[in-house]
Each structure stands twice: as structure tokens, then as C-alpha cells.
Amino acid sequence: MKATAGVRIVFLGNPLRGDDAAGLRALALCRRFSWPDGVELVDGGTGGVSLLPLFRHCRRVILVDTFLAAGRAGGICLLRNVTADALAGSDGPEHGGGIKGLLALVPQLVSPAPVVDLMVIGGHCFTPCTLELSHELACALPALCRRLHGYVTEELMPPGLVSEALAGYRLHITGCVQGVGFRPFVYRLATGLGLVGDVGNIGAGVQIRLAADEPRVAAFCRRLRAECPPHARIERIDTEPFDWVSVPREFGVVNSQTKGQGARIPPDLAPCPVCLAELNDATDRRHGYPFINCTNCGPRYSIVRVLPWDRAHTAMADFALCTACDEEYGDPGNRRFHAEPVACAVCGPHLWLQGAEGQHIRGAAASLLAQCATWLKQGRVLALKGIGGFQLACDAGSATAIGLLRERKHRPAKPFAVMMRDLAQVDAWFELNDAEQAQLSSPAAPIVLLPRARLRQRLAGMAAEALAPGLAHLGVMVASSPLHWLLLNELDGPLVMTSGNAGGEPICTGNRQALSALAPLADAFLLHNRPIVNRCDDSVLAVVAGRPRLIRRARGFVPDPIPLPAGLNGTVLALGADLKNSCCLAGSGRAVLSSHMGDLASPACLDALGQEVERLPALLGLKPRAIAVDLHADYAATRLGGRLARERGLPLYRVQHHHAHLVSCLVENSHGPNEPVLGVVLDGLGLGDDGSLWGGEFMLADYAAYHRLGRLRPFPLLGGDQASRQPWRNLLAQRVSFSLWPELQSRCPLLFRDEAETLLAMAPRFPLTSSAGRLFDAVAALLGVAPAEQSFEGEAAMKLENLAGRAQARACYDFRVSREGGLWQLDPAPMWPLMINALLAGASEAVLAANFHLSLVSGLCRMVQQLQRQARFDVVALSGGVMQNRLLLAALIEALEAMGLTVLTQSQAPCNDGGIALGQAAIALARGRRRGKAPR
């Protein structure tokens, strides 16, 4: 065997088993051919793991073997770039340790691993102690040798190939470099610089091999970073010397390899302007095609099964490219060069309709979408298969249609989002600022909360109050896919676009599932045959204090990672909380939050979380070495995490709820793990380490530990969980602070029922809470904007914020700061009689709501000032679901910064429970580090 070879052809066979000797007979025939330099012919015997040395020091190995196929004796097949996975389940050739077993070992034991091809011929019989080949195989053997020779000399090593060995460099690129047009970019950059070599996806990112000296490689790397595609993110470029054998004169894109782990895949990308132009161009062959995409846009995360990013690993695997698409895919000058989801009407996914009676309607996409538009104009509800799941749509201008959808979804008040065709259409309806425009037109295409006050009057026919009853903002997004764009282009105005699910369930992803689950909700279905692999709801964000802030992290943002600060080593899976659940996988210096799962009170949402904790580590190539959960033992997520830890023999970290909120804020601000800050965490409820229910917390903390310094004054949670659903109970709980009850009877009749007196008598039996969320509920109940029972979490607080936004504050009520039981307390008691007196004197409810917001901000700042006298800190981190309140957050940031403090807030991870898993994971890593046992 030569020390090095460009192509090594290994012939396998057993000379004593009839047709099984074909490989060895082919070796004798092939030695009569003239082969290029760098080609080596080798007798591989009966194969097995003893062949591993033959895979070293060469660029490509071709295995020549026989497989038993009496009905196809003499048939020849060439399998290019084969892997063990590609042969799984096949009845192909086996010798000794087996071809499949051998190929499974090569990437683990050989580095760099060569490309492996397999050329096989069908044999008639493998009879032991038989020396002769069958007639069929003996006749076909010369053809096998000619085909093998032609493959090597014409395709692999044509006359233009340099055969002498040459020194060069191999580059390993990590980051978001798959599914973003990175290989085509590398190809164009390298050819433009006159470099030769190749580029390909690997399991850990992208590998580039260059036949060039160090200065030229350095110049290439500089331009690689400076000019990378808009959706790509280079984290590291590792360079090592590499000895070429048989270097091509050109630069090429080679087949992907599975070696390594940790590659990143981008989120799904909204249609780019060029694809939209083609979509609307009657002369373009993809005119009106609902699944148009290119290297700069289209489905990514929602269709990927495994990495590396190749068509065969996606939901597009079953859609074979037509000739025209294949030419684009292979053309370096085309923007669809190696665009894995590329398709057209000839070879790609297609639409059809299904009516309420089950009838199928097929036809051209344009006619189907026109029919959908007709139905929507008639006030019907349409279920359509979107990017990451099904959606329910109706006419956003029809209060009747919206009411029908509310009735069917049992959703009386929770706001609906609307979708518009493009930014120009949104701008026609709303006055937008620059930050809102940037988010709406971004590739993520999230739902952006826009103030109803900026809805243009001339177009106020949109049923805004029906869409968001009693709320100040409307959720608006632009078309997130070509299908949505085409549908909206058939209409004159926006559509309601809400999650396609029954109440509390995860969004539907499969056609059969949707037809069953959504049948009571929808009048018709717009379906297609591209599978959704990974569920992904629409993301929601708001621009507050000049920054976009995610409220729900999903499509367009998942699975983008959030970098972890240096020193947090190991791999942890965190399972989050039960409300607004998402899980988080942290490792290799980054954390990935899953898409929004929903509320785990639903068994289906819990099942979805169970699937996600298996799928996410497999996709990212990270194996959890520890589990992190909330401190509350009764959380479904905590129970699931405990079971996983027991089954896998992993350590379990129990993390206090508000500490996790705080650390999630620190992580995304890249705050050091050992640098304490003051955390102000305001939310609904979370179990404290003393067994009580916390919710208005002041804690001095780093990643691994915290010290509770203060809280909102606790009050009884009358009725337990019922108090979270019925705001009037929280006003009743404040009775100790005021006594003007008779005058309130007309405004708050619920406070004067017999049930109220019973609850007050039982107050000592109920748990105490320091919840800021329940304080907002109490004020909302007093001012008459809270429903008797909330139909969705945060309803009363959101309506109170809307009320406060209509007026300017005219008074600031006192919040008392005192010390009790070793903790500082912020007590709203002085506020209540002042607010009630003003209300009974005829003051505007809106002014009083604004007064409350101003008073709370003032009280929080007084508390921070008091704590500065006790503890040294100059950084304050704000988190918890109450920080979604725009009025509160903006005013609090401004006031704290005026005090000379650095204020950390959240943008990438939700400050509500949807981001809590990020904090859990970071805390587990920090605790393991502090104990000297990083979860590896």
C-alpha cells in the first residue's frame, strides 16, 4: 500500500464462494487498464475492520464488492459518498465485520475521513467451496471494470487534475453556517480569489480545504468574516495544515459528511424581496408558486430532521428535483446554488383544499387561493398549514367573523394578531416608527405589538376592538411565507392569523391531526404536502424603551442560540416552568431555547415538551449531563425533569423561580457569572425557598447563589389558585389597608357578597404572597377594568395598563418602606385610602391608573435606594412577567438610570416564564462550576 493516494480502490471478495469472488476477479481485470497517478488498486480480501488502515492518507476510497441478488445477477450499481446511515436497513454486501459496520467506524477512527463510494455487482449464488463465477456475473464483469475506470478517469481525475502532492490548509468553520447560503458564498469567494480546493458541510459546521499558502489563506479568512451572507454567523475559524494528494485545478462543493457535532441551523426565514418579485412576475417560471425560496429565505428549522443541512435530511427529501431546478441547484452563478429546499410547481410541494363536508378541491394554486379569498370575504374561518404549524384565519375587518372565531375557540377576550401582506400595507394602516418597521420587515417576521392609537383614522374600519378588547395594542405581522403573501394579495385588507389549535393545546402540525382537531373551529382547510418536522408558533415582540423585546420566542428566532458567558462549561437541559413553557439546552458556550410549548396543564402540551427534550439534543448534537427544574415540586415540568434525571442517572438541580428569572436577564446581557447584581423581579407567583409564594422580589445575586433582601408586603392569596383567575379576590385581600367599604359597593359589588366575608374569615388559612401581579389585579378590580374572572393570564393587568396609557399621572401615592423579619418591605398600604378617596370624589379612572404606575415606580426606586445602604451594587437587573408592562418598564429604566445605576433588561429571552429555562440552565452550570463538577 502506498503511503498516500488520491483515490484508493479496494476490491473485496471470497475466492471460495462462487460469485462472491467477483471483486477479486475485477482487480485482475482492472490492472490491465491505465490509471492516472494517485490511483491505487488494493486487494481487500474479505473485508472487515482490518481494512481501516486503507482509509487513511487518501481523499477517496472506492469499495468494489458483490451482493447476493439472484434476480438481478450482473446488475451494476454505483453508490456515491455512502455512509453507514445511508446503508441502514439495506440488504447490501457484508463481509467479516460488514461494510456497514466498517463505515460506522471510519469517521470515528480516521481523521480526516475520506469520501467513500461503493460499486457493487449482483451475484447469482455464494455457494461455499465453489471456484467459478456464474455465467451472468462472468459476462458482466468486464462492464463493471470499464464503468469503474470511466468513473475514475472521467469524473474523479480528469486530465485537468494536478496529481502531485501539495501542502495546503483545512478550515473548520463553526457558527450559523448551514442553511444560509454559506457554501455558495465560499465557492464564489474562493473562485474569485483564484483558489482551488473544496467546501462541504460537516456535522460540526463547514469544512473548507484550500491548496494555498498561509498568506493567501489568511486573506481568504479575513474576507470570509467581512463578507459572509446576511443570515450567517461565524463563531470560530480553526485552521490547520493539510497535505493534498491529487489537488483539482478548480474549487468545488463536495458532499456533506456527518463527522463532528454542534452545527447550527438558522430559524425559518421570511421570503426575500427577490423571491417576492419572482412570485409576482408573470414571466417567471415560479410565478404564483406558494413554496418559492432561495439561499436567502424559506423554511429551515421547521423542516430539518438531522444535521448536516442537506436536502436528504429535511422534509424536502421526497421531492426529487426536476431538470430545471437541478440545473439551478448546480449552477454557481444562481442564487439557488445548493439551496436545499429549492422546488417549483413541477417537482415541489402542492396545495389543495378540503371543505367542511370533506370534499377535496384540487387545481392550480391561483384558483385555490382565489376560492379561499372568497370564503374569507363571506365571513368563514379558514385553517391553513403555515411554516411551523397550522393557523386559523378570518377577515380582520369583520366583527362577525371575529366573533365566530372567538366563540368556536372559547376565547372571549384574548387578543388576536392580524397579518398583512407586506410592510407597505402595514404602513397604510399604522403610523410606524423606525424600530417597528425594522422588526416587521426582518427575516423573522414576528408579531409586533403596535399601539391602537396610531391606527390611521381613514382606515379605522378594521375591527380593532373586536381584535383586542380593552387593550392598547394590536399584534401585527407581515406575510411569513409566499403562501401567506399570495393569499393576502387576493384580499383588500388584513386577516386574523392565530394559532391553529384547540384551546390550550399545541398548534397542529400534521394534516390528519388538523383535520380532526380543528374541524369544530374551521369551515375549510388549505393544505399542502410538505411535512412540518419541528413545531414553531409565531413569535411576539414589543418595542419598549427603544428596544425590541420578545414576549414569545418561536418562529424566526428558534433555534438561534444565546451566548453563555465564559466559564459556564458543561451541558444542561432545563425544563422551564408550567406556564408559557419552553425548555433550554445549554452547552458548548451557548444556550438554545426551544419554541414556545404552551401551558403544561394541557396533557398535549406536556407530551410536546417530552418530545422536545428528546429532539432538541439530537438535533444540536449535545448530550445533557444534568437536568435543571423549578423548585416547585408540583410543576409538571419539574416532575418530568425528575423522571428524566432518575432514568438517565443525571444530577438534578432545583432552581428558585425568581433567581432563574434574574439570571436569564444576566445571561443575555453577557454579565459575568461572579459579579453580583441587585435583581428586581416582579411576576405572578413562584415558590420561594421558605415555602411561601413569592412575586415581588429584591435579591442580591450572581449565577450560583442569591440573597433575598426585600419584597412587596405579603397578603393572603384568598382562595389559592382562584385568586389568580378572579382579580376581585386580590382587592379583597387588601381590606386591612382601607375601610371605606359602603361607598365602594356600587363600584365593586363582588366585595360585598357573602362569599367575600367567608374568604376574609378564612384568610389566615390561605398562603401569603408577595406577588406584584396580584397587586395589579387588585388595582384593576378597584378601577373597574378587571373581569369577574379572567379568560387569559394577565388580562386584568393588561387592561389596567391600557387604561393608564390614556392619561397623565397627576399624583404619586406613597409606598411605605419598612423592615420586618430581616427583610425590607415595600408596602402599598398608604396608597389605598388616597386612591379610593380620589375615585369616590369623581377622579378619572385613567388618571388613577396612571398614578398607580408612577407610584409603583417611585416605590421601587425608594426600595433600591434603601438597599444600596445595606449592600454594595451598581447594576440592577429587571425581570419577571410584570416587566412586560411598557409603562412600568420604560419609567423604571429611566428612573434607575437617573440614580446612576446600570440597568439590565431583556430582549432575546422573554422576561416572562417563557425565558425562565435559560436562567435555570445557567444556574445549574454555575453551581456545578462552583462545586468543581461541571455537568459534562
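Note that the structure is a prediction, hence the values are computed from the model and not measured.

A. Summary view of the UniProt feature "active site" (unreviewed entry) in the protein. Those residues carrying the UniProt feature "active site" (unreviewed entry) are Arg183 and Asn201 in this numbering. These annotated residues cover 19 residues of sequence, but their C-alpha atoms sit close together, with the largest distance between any two at 7.8 Å. What Arg183 contacts, discounting residues up to four positions off in sequence, is Val199, Gly200, Asn201, Val253, Ser256, Trp309, Asp310, His338 and Glu340. Of the residues examined, Asn201 reaches a relative accessible area of 1% and is grouped as buried. Residues within four places of Asn201 in sequence aside, it is in contact with Val177, Gln178, Arg183, Val206, Ser256, Gln257, Pro308 and Trp309.

B. Main features of empty space enclosed by the protein. Considering all chains together, one arrives at eight cavities of 30 Å³ or more under this definition. Approximately 140 Å³ is the volume found for the largest cavity. Along the walls of the largest cavity sit 13 residues, with Arg549, Met883, Gln884, Leu889 and Cys911 positioned nearest its centre. For the lining of the largest cavity, the elements supplying multiple residues, two or more each, are strand S20 (540–544), strand S21 (547–552) and helix H27 (886–898). The biggest single contributor to the lining of the largest cavity is S21, with three residues. By residue class, the composition of the lining of the largest cavity is eight nonpolar, three polar and two charged. Taken together, 19 residues form the lining of the second largest cavity, with Pro290, Ile387, Ser481, Pro482 and Arg530 sitting closest to its centre. Along the lines of polarity and charge, the residues of the lining of the second largest cavity split into 11 nonpolar, six polar and two charged.

C. Expanded view of the packing of aromatic side chains. As enumerated under the stated definition, the model contains seven aromatic pairs in all. Between Phe182 and Phe185, the ring centres sit 5.8 Å apart and the planes meet at 55°, which makes this aromatic pair tilted. Placement of both Phe182 and Phe185 in helix H5 (residues 182–192) is noted, with a separation of three residues, approximately one turn of the helix. Residue Phe182 is classed as buried on the basis of its relative accessible area, which comes to 1%. The buried category is assigned to Phe185, whose relative accessible area is 11%. Ring geometry for Trp694 versus Tyr706: centroids 6.5 Å apart, planes at 90°, classification edge-to-face.

D. Broad picture of the sheet that holds strand S12 (residues 360–361). A sheet is described by the order of its strands in space; here 11 strands give the open sequence S12-S11-S19-S13-S14-S18-S15-S17-S16-S20-S21, paired in mixed fashion. One side of each edge strand has no neighbouring strand; the edge strands of this open sheet are S12 and S21. Of the pairings in the sheet, the one linking strand S16 (residues 447–451) to S20 comprises two bridges and is parallel in character. Of the residues in S20, the one forming a bridge with Val448 is Leu541. Those strands touched by helix H9 (residues 365–377) are strand S11 (351–355), S12, strand S13 (382–385), strand S14 (390–395), strand S18 (495–499) and strand S19 (524–528), and its axis lies near 35° from that of S11. Contacts from helix H14 (residues 482–489) reach S11, S13, S14, strand S15 (417–420), S18 and S19 within the one sheet, and its direction differs from that of S13 by about 150°.

E. Looking closely at the packing of helix H24 (residues 795–804) against helix H26 (residues 845–870). In the contact formed by H24 and H26, the axes pass within 7 Å of each other and the chain directions differ by 105°. Viewed along their axes, H24 and H26 adopt a mutual orientation that is roughly perpendicular. On H26, the residues touching Leu800, Glu801, Leu803 and Ala804 of H24 are Glu845, Ala846, Ala849, Ala850, Phe852 and His853. Residue composition of the contact of H24 with H26, by class: seven nonpolar, one polar and two charged.

F. Broad picture of unusual backbone geometry. Note that the residue after Leu307, namely Pro308, is joined by a cis bond; omega there is 10°. With respect to the helices and strands, Pro308 occurs in the loop between helix H7 (273–279) and helix H8 (323–329). In the segment running from Val558 into Pro559, the intervening peptide bond is cis, with an omega of 15°. Position of Pro559 relative to the elements: it lies in the loop between S21 and strand S22 (562–563). In this structure, His410 is a non-glycine residue whose phi angle is positive, near 55°.

G. Molecular detail of the environment of Thr314. Among the secondary structure elements, Thr314 is positioned in the loop between H7 and H8. For Thr314, a relative accessible area of 1% translates into the label buried. Separated by 76 residues in sequence, Thr314 and Phe390 have C-alpha atoms that sit 19 Å apart. For Thr314, the residues in contact, after removing those within four places along its chain, are Ile303, Val304, Arg305 and Trp309.

How each quantity is defined
Within each chain, residue numbers correspond to sequence positions counted from 1 in written order. Two thresholds apply to this predicted model, a pLDDT of at least 70 for residue-level local features and 80 or more for giving and counting side-chain atom pairs, whereas whole-chain, interface and lining totals are computed over all residues. The basis for every side-chain value is the complete set of heavy atoms in the structure, and neither hydrogens nor water enter the calculation. UniProt positions are given in the numbering used here, feature names are shortened, and annotations may be inferred rather than shown by experiment. Residues are treated as being in contact if the distance between any of their heavy atoms lies within 4.5 Å. Accessible area is worked out with a 1.4 Å probe on protein chains only. A residue is then buried under 20% of its type maximum, exposed over 50%, and partly exposed in between. Grid points spaced at 1 Å and placed over the protein atoms alone form the basis of the search, with a cavity being a set where a 1.4 Å probe fits but cannot get out and a pocket an open set showing protein on both sides within 12 Å along at least five of seven lines. Lining residues have an atom within 4 Å of a point. Grid points are joined across faces, edges and corners, and a volume is the space filled by probe spheres set on the points. Counting from the N terminus, the helices are the DSSP runs of H or I reaching at least four residues and the strands are the DSSP runs of E reaching at least two. Only Asp, Glu, Lys and Arg are considered charged in this grouping, and only Ala, Val, Leu, Ile, Met, Phe, Trp, Tyr, Cys and Pro are considered nonpolar; every other residue, Gly among them, is considered polar. The criterion for an aromatic pair is that two Phe, Tyr or Trp rings (for Trp, the six-membered ring) have centres within 6.5 Å, with stacked assigned to planes under 30 degrees apart, edge-to-face to planes over 60 apart and tilted to the rest. Criterion used throughout: strands pair if DSSP finds at least two bridges between them. Angles shown run from 0 to 180 degrees and are taken between the N-to-C directions of axes, each axis being a line fitted to C-alpha atoms and, for helices, limited to the stretch in contact. Angles below 35 degrees are treated as roughly parallel, those above 145 as roughly antiparallel, those between 65 and 115 as roughly perpendicular, and all remaining angles as oblique.

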